[in-house]
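Notes for the structure review
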Number of protein chains: 4
Amino acid sequence: MHVALVGVTGYSGMILYQLLQQHPEVNQVDLYGHKNAKAQSLATAVPQFIGSQAMIEPFAAEKIMAVDQVIFFATSAGVTTELAKTFIAANFPVIDLSGDYRLRSRSSFKKWYHKEAPDQAALQRAHYGLAEFHQASGQTYIANPGCYATATLLGLAPLVQQGLIEPDSIIADAKSGTSGAGKKLAANTHFTQTNENLQVYKVNQHQHIPEIMQQLQEWNSQVPAIQFTTTLLPITRGIMSSIYATVKQGVTTQALQHAFQDTYQEQPFVRVFTEQLPTLKQVIGTNFCDIGIVFNPITQKVFVVSVIDNLLKGAGGQAIQNFNQLFSFPIASGLPQTPILP
Amino acid sequence: MHVALVGVTGYSGMILYQLLQQHPEVNQVDLYGHKNAKAQSLATAVPQFIGSQAMIEPFAAEKIMAVDQVIFFATSAGVTTELAKTFIAANFPVIDLSGDYRLRSRSSFKKWYHKEAPDQAALQRAHYGLAEFHQASGQTYIANPGCYATATLLGLAPLVQQGLIEPDSIIADAKSGTSGAGKKLAANTHFTQTNENLQVYKVNQHQHIPEIMQQLQEWNSQVPAIQFTTTLLPITRGIMSSIYATVKQGVTTQALQHAFQDTYQEQPFVRVFTEQLPTLKQVIGTNFCDIGIVFNPITQKVFVVSVIDNLLKGAGGQAIQNFNQLFSFPIASGLPQTPILP
Amino acid sequence: MHVALVGVTGYSGMILYQLLQQHPEVNQVDLYGHKNAKAQSLATAVPQFIGSQAMIEPFAAEKIMAVDQVIFFATSAGVTTELAKTFIAANFPVIDLSGDYRLRSRSSFKKWYHKEAPDQAALQRAHYGLAEFHQASGQTYIANPGCYATATLLGLAPLVQQGLIEPDSIIADAKSGTSGAGKKLAANTHFTQTNENLQVYKVNQHQHIPEIMQQLQEWNSQVPAIQFTTTLLPITRGIMSSIYATVKQGVTTQALQHAFQDTYQEQPFVRVFTEQLPTLKQVIGTNFCDIGIVFNPITQKVFVVSVIDNLLKGAGGQAIQNFNQLFSFPIASGLPQTPILP
Amino acid sequence: MHVALVGVTGYSGMILYQLLQQHPEVNQVDLYGHKNAKAQSLATAVPQFIGSQAMIEPFAAEKIMAVDQVIFFATSAGVTTELAKTFIAANFPVIDLSGDYRLRSRSSFKKWYHKEAPDQAALQRAHYGLAEFHQASGQTYIANPGCYATATLLGLAPLVQQGLIEPDSIIADAKSGTSGAGKKLAANTHFTQTNENLQVYKVNQHQHIPEIMQQLQEWNSQVPAIQFTTTLLPITRGIMSSIYATVKQGVTTQALQHAFQDTYQEQPFVRVFTEQLPTLKQVIGTNFCDIGIVFNPITQKVFVVSVIDNLLKGAGGQAIQNFNQLFSFPIASGLPQTPILP
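This structure is a prediction, so every number in the text was calculated from the model and none was measured.

Thresholds, definitions, all that
Residues numbered from 1 in each chain as written. Chains lettered and ligands numbered in written order. Predicted model: local features only at pLDDT ≥ 70, side-chain atom pairs only at ≥ 80, totals over all residues. Heavy atoms only, no water. Least-squares fit on C-alpha atoms with pLDDT ≥ 70 in both. Contact = heavy atoms within 4.5 Å. Pairing = 2+ DSSP bridges. Helix = DSSP H or I, 4+ residues; strand = E, 2+ residues; numbered from the N terminus. Axes fitted to C-alpha atoms, helices over the stretch in contact; angles between N-to-C directions. Expected span 1.5 Å × (residues − 1). Buried < 20%, exposed > 50% of the residue type's maximum accessible area, 1.4 Å probe, protein only. Buried area = accessible area lost by both parts, 1.4 Å probe. Salt bridge = Lys/Arg side-chain N within 4 Å of Asp/Glu carboxyl O. Polar contact = N/O pair within 3.5 Å; in protein donor to acceptor, adjacent residues only side chain to side chain. Nonpolar A, V, L, I, M, F, W, Y, C, P; charged D, E, K, R; others polar. Phe/Tyr/Trp six-rings, centres within 6.5 Å; stacked < 30°, edge-to-face > 60°. Lys NZ or Arg CZ within 6 Å of the ring centre and 35° of its normal. Domains from an automatic or database assignment. Parallel < 35°, antiparallel > 145°, perpendicular 65-115°, else oblique. Left-handed = near helix turned anticlockwise from the far one by under 90°. UniProt positions renumbered as here; feature names shortened; annotations may be inferred.

1. Looking at the relation of the copies chain C and chain B
- Once chain C is rotated about the relating axis by 180° and shifted along it by 0.0 Å, it coincides with chain B to within an RMSD of 0.0 Å. Such a combination of turn and shift is consistent with a two-fold rotation axis. Every residue of chain C has its C-alpha some distance from the rotation axis, and the shortest such distance is that of F191 of chain C, at 2.0 Å.
- Looking at chain C, 100% of its interface residues are interface residues in chain B too, so the copies touch through the same face.

As structure tokens, this is what we get:
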């Protein structure tokens, strides 16, 4: 199989490229950059790929549709909106790691992304690829979920779907390493500023809030809103979403644990912990989402901790899950399951 | 003034020693260790004090009461319970950084600390030294608050005192650097395990929970409980308590901001931020507690972020505040106000 | 192929286990622990392997020789000396990651390791597995090189072999992350002590010094000694050996570069850089040793920077290289070539 | 005393401002910025100074000479060259933290700084303020030494002055935290790139090389050159210079130790260690330079490790030492001696 990848120079793109190269069903990964840029060696564009012979070719939709069977976009918000049009028109398979086609409402997109939204019909047809809950087979346009959204939704799904919590009580205190902020230089990711620090950012304004809400309301229309906070950590990789909600009267620890275990028992990439709580590090380098649950009968609140590698389960790894679904490959093909130790 | 310090070898003790040495009203700091230990040079016991000529003498209550005017305990939980008895009996001034005399209930102490509790009468007479709210002048036994308790209580005080929030809705997601865990070697503070990681610990079991509750209920008897989580950060110093609560109907952003501003306007060591949110780093090396407040009208929740240096405002710095109050020294004497930059 | 691994609970053992599991020629990895310990699940012994079904069985030499075709020792210094005896006597293939059989002289071993040395005959028969220079095929006992030794020897080989430098001028300032110090709790690897710090240790006393010297003198008997310093870094993985030596009169930049390029042109896991210098991060997660060379005509000194992942090229990765050589598998089988990004 | 400070927005300037504010002889610190900029509050320009009421006024030489008694420049290379002219012409006291007036040769400045050099007469009159060796009293223009130069020169002084080493054998492997690279955003100080990494930079091209050489040759004209390498560390503050040199025949450990002890016995800010080696952390937050010495009789090489806080002893702290000398204040006035613990 030949696949196209646009945007290999960003962190998600780099990781996705590594995954695709090692995927047993992929024979060749064709890299594409800006339409008007000259062809460039990958090793020049991304020094980390030193030694690679791969080239980044100028983006050319027709050529891609001729030589590749699917295209992955690991491009910045707003870029895919433009680039994807030709592929959408041709019903050519797209797996889009950007946020452009995740929200179904154009006005919501404009409000949260501060950019022009894609075409309404295209938005409606896009498949929200939260891999454990939505099968990508038969779809053509996969909007791969955001990193914070993935960790938070997987930590909330059983509670919301089964109505175990008060729908207006959800709070997520989410933390992320700096790779989530991308490669662009910024004052808050300067080493001297990030190191030995915690920085809260985009409070009530993070673009993953509407994405989370859209999915929660699809599961349970009674959820009115979610309180969601993001904090930048002095680490490179990883997201921890610490979730709190008020449990409905009569719901027990056992009921909560069973809800998670039942929901994920067939899912190889979500692991539920009831005895101990997962640490962030145990998922780094893997496609796992590890979830721990603690019910506090005194406060009547459940605490759920959900950890992922933001660049794998939160980006490139989930994209491979969707790729596997789309082409009916084995569910775990090409997906790393061993953490970076120690 | 001559002061005694027991427990200089722990992190809180080290910092307190530095503060006392620089305090304008302190002429001499006498260091004491175990009763049965030989006198030892500070530089030997704590290599970081290389070059110091100070000695750590064996603990001897009578001698201390003869030569010193106050004693600071920076000892581990359980140790002060024993050592303080003589001083309590003599009404000699004590500032105790341990948790031994913070809880007024013996059974609560036993439950949360898993140790024998001090004498009930002594517990009742101890003064809980949350410096912004309780004046130490006229007291003899000051129980200096815990680090997590300080950050969380200062972030909650105006909300709870003025009844601005639903009393059963309080959630604190608190994070701390490793210095809070002390000097003792442990698997979860081994560099290889802590670095590039987040580790949730003592969920619903942290000994600062009853301390926070005792104070909250003193302020507002309707608060039934608090959901409180602690996460270990890969940094050395600092606590961030991220607090969430449901705001009562009709309470506005302005009302919330005014509540904080009014409460702390006379307090030099609590700074309220309404435009931007404080970062952790801006308080490291200082005695400040910086607090930011964001009301979310969609969720009807207020988010309060409260940051302190756990070893200063959360330990040695607040001890100096209590010391200043106890002896009627100027409120900010000997307290650092310039952060460690950059 | 069935292989045995003793010592999976240490960092080198963990990594080696991951590598062996992914090795295309390995069907099964049998794990062994202490002779007198009960069988234990891997997930219990090493929480990072959560979800694994593997068991650690009590060490039993006869059983291992019956069911496995090779044994890997990832045990502490001194342990292999004992455990390996039976295998040596039986000429059973051993790949030993410990330092026990690296030095050919018993007295040298005693001096540097402060332990009883293995049997002299066994030491003489052991093969020092510096993979780029010594072919393991036909050997039975492979002493896998130390991490510092690997980085330093690969950075020195062309210079020493070809006599390009003054033999008494070699200085190596080597730095390592904390994973090199292993899992054992110690004051200098406590997070609070390691973080934001540099700690020089074992100056002129590191046990890799005689290992390096033994190899250097095999290459060039004129090398009398090496000045070698080790510094502990606040990072988890990686070694950088910064090497300095005085270049012989008449030797040019070009001659130095060619020496490295020629030496390593057939070696897939050593990459030579002449335009820019490698960073540590570009080899983490891979089996590469990346080497940069800068000649300074003013000082007549050459600076060589050699970087490796201490747990891969410096331990488990090189062990796999030796395994591939021993069994004539393709040279790069099972060896990671993509760094941990970003 | 009123003092002027130009360049408070950079890291050295920030620290120097903190030091000056706490200096017992300083009544007021007047801050100045760009000549054509409007007055701006310090808290706006440097968020870390939140709460400060200080203003940054436009630079105006005449005004400064009227109201202040000395001017500190904490400006970038090239800026002081211009701004200082008026003060030099008027013989007004200047303490310059930039590199502009450190080198006495214009051509050397141009070669290493890639900028136009200051006036030759001014360069000749500038005093190189290596505080332990050059008295600033009676001078008017103090060129404060560079951070790497300070650590390296203090570690070399006794060896070079007393001719204890072969003059052509000096090698310094120096490492620095990111604060040395300043506030400017750059790819190599982006958190994601710096964290868990080591990056060698400016090999044989660092602008502190000629500064070190100028001083070494003043001490001992036989020193022909120095091999000097710089490596960027994943920490915020601190420099370690690891120095190696060949000891002359007959020189003993004792002689080496005595040389250091004698040289620095009257110097409160240089501490010599002969039993153990200093760690980087023990000087962070202080003005100390801590030096450890180990002679290796096998290689006939001495290893000297010299550690400083690059922003204190390597910048603002040494500037205060020069300030104290210039105005005959007590030698340690306003200089921090307690490290940031733990």
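2. Details of the sheet that holds strand β9 (residues 171-176) of chain D
All names here are of chain D.
- On the basis of which strands lie adjacent, the open sheet formed by seven strands has the order β10-β11-β9-β12-β15-β14-β13 and mixed pairing. Either end of the sheet is taken by a strand with one partner, and the two such strands are β10 (199-201) and β13 (270-273). Averaged over all adjacent pairs, the angle separating strand axes in this sheet is 20°, with direction ignored.
- Note that β13 and strand β14 (residues 289-296) share four bridges and pair parallel. Looking at β14, one finds that V272 is bridged to I291.
- Docked against the sheet, helix α11 (residues 253-264) engages β13, β14 and β15 (301-308), running at close to 165° with respect to β14.

3. Considerations on helix α10 (residues 208-219) of chain C
All names here are of chain C.
- Taking 1.5 Å of rise per residue, twelve residues should cover 16 Å, and α10 covers 17 Å from first to last C-alpha, within 8% of that figure.
- The element α10 is extensively covered by neighbouring structure, given that ten of its twelve residues are classed as buried.
- Restricting attention to buried positions, one finds in α10 the residues H208, I209, P210, E211, I212, M213, Q214, Q215, L216 and W219.
- Buried-residue contacts for α10 involve α6 (106-113), β7 (127-128), α8 (147-161) and β11 (227-232).

4. Some words on the interface of chain A and chain B
- Counting residues at the interface gives 42 residues for chain A, matched by 42 residues for chain B.
- Of the roughly 3500 Å² buried between chain A and chain B on both sides combined, carbon and sulfur atoms contribute 62%.
- Seen at the junction of chain A and chain B, the total is two salt bridges.
- A salt bridge links D173 of chain A to K175 of chain B, with the shortest nitrogen-to-oxygen separation between them at 3.0 Å.
- Scanning the region where chain A abuts chain B turns up 26 residue pairs in polar contact (both at pLDDT 80 or more).
- Of all the elements in the fold, those that place two or more residues in the side of chain A that touches chain B are β9 (171-176), α9 (191-194), β10 (199-201), β11 (227-232), β12 (239-246), β14 (289-296) and β15 (301-308) of chain A.
- Among the elements that line the side of chain A that touches chain B, the one with the most residues is β9 of chain A, at four residues.
- Counted by class, the side of chain A that touches chain B contains 20 nonpolar, 15 polar and seven charged residues.

5. Quick notes on the sheet that holds β11 of chain A
Residues and elements named next belong to chain A.
- The mixed open sheet is built from seven strands, whose spatial order is β10-β11-β9-β12-β15-β14-β13. Where the open sheet ends on each side, the last strands, each with one partner, are β10 and β13 (270-273). For this sheet, the mean inter-axis angle between neighbouring strands, taken without regard to orientation, is 20°.
- Packed onto the sheet, helix α8 (residues 147-161) meets β9, β10, β11, β12, β13, β14 and β15 and runs at close to 35° relative to β12.

6. Side note on the packing of aromatic side chains
- All chains considered together, the criterion is met by 66 aromatic pairs over all chains.
- Seen in terms of ring centroids, F133 of chain C and Y264 of chain C are 6.0 Å apart; in terms of plane orientation they differ by 75°. Their pairing is edge-to-face. You can see F133 of chain C sitting in the loop between β7 and β8 (141-143) and its partner Y264 of chain C sitting in helix α11 (residues 253-264), a full 131 residues away along the chain.
- The exposure class of F133 of chain C is partly exposed, given its relative accessible area of 23%.
- A network of ring pairs unites the aromatic residues F59, F73, F87 and F92 of chain A as a single cluster.
- Directly above the aromatic system of F288 of chain C lies the positively charged group of R271 of chain C, at a separation of 3.7 Å from the ring centroid.

7. Side note on the interface of chain C and chain B
- Chain C puts 20 residues into the contact, and the matching count from chain B is 20 residues.
- Both faces considered, chain C and chain B share a buried interface measuring about 1500 Å² in area, 59% of it formed by carbon and sulfur atoms.
- Per-residue buried area on chain C facing chain B is highest for L185, H190 and F191 of chain C; these three make up 46% of the total on that side.
- There are eight residue pairs in polar contact (both at pLDDT 80 or more) connecting chain C and chain B.
- If you tally residues by element for the side of chain C that touches chain B, the top one is helix α9 (residues 191-194) of chain C, at four residues.
- For the side of chain C that touches chain B, the class distribution of residues is seven nonpolar, eleven polar and two charged.

8. Some words on the relation of the copies chain A and chain B
- Mapping chain A onto chain B is achieved by rotating through 180° and translating by 0.0 Å along the same axis, at an RMSD of 0.0 Å.
- A share of 100% of the interface residues of chain A reappears at the interface of chain B, consistent with the copies meeting face to face through the same patch.

9. What to know about the domain arrangement of chain A
Residue and element names in this part refer to chain A.
- Annotation of chain A at the domain level lists domain 1 (2-145 + 313-326) and domain 2 (148-309).
- A straight line from the C-alpha centre of domain 1 to that of domain 2 covers 25 Å.
- Taking both sides of the interface into account, the surface hidden between domain 1 and domain 2 amounts to around 2200 Å²; carbon and sulfur atoms contribute 58%.
- Taken together, domain 1 and domain 2 are joined by two salt bridges.
- Here E211 and R102 are joined by a salt bridge, their closest N and O atoms 3.1 Å apart.
- Inspection of the domain 1/domain 2 interface yields twelve residue pairs in polar contact (both at pLDDT 80 or more).
- By residue number, the principal contributor to the side of domain 1 that touches domain 2 is helix α12 (residues 312-326), which donates five residues.

10. A look at the packing of α8 of chain C against α10 of chain C
Residues and elements named next belong to chain C.
- At a minimum axis distance of 10 Å, the contact between α8 and α10 shows a crossing angle of 25°. Put simply, α8 runs roughly parallel to α10. The interaxial crossing formed by α8 with α10 has right-handed handedness. Every residue of α10 that contacts α8 at C147, Y148, A149, T152, L153, L156, A157, V160 and Q161 is listed here: H208, E211, I212, Q215, L216 and W219.
- Among the residues making up the contact of α8 with α10, the classes are represented as ten nonpolar, four polar and one charged.

11. Quick look at the UniProt feature "active site" (unreviewed entry) in chain A
Residues and elements named next belong to chain A.
- Within this numbering scheme, the UniProt entry marks C147 as carrying the feature "active site" (unreviewed entry).
- Within the secondary structure, C147 is located in helix α8.
- The exposure class of C147 is buried, given its relative accessible area of 14%.

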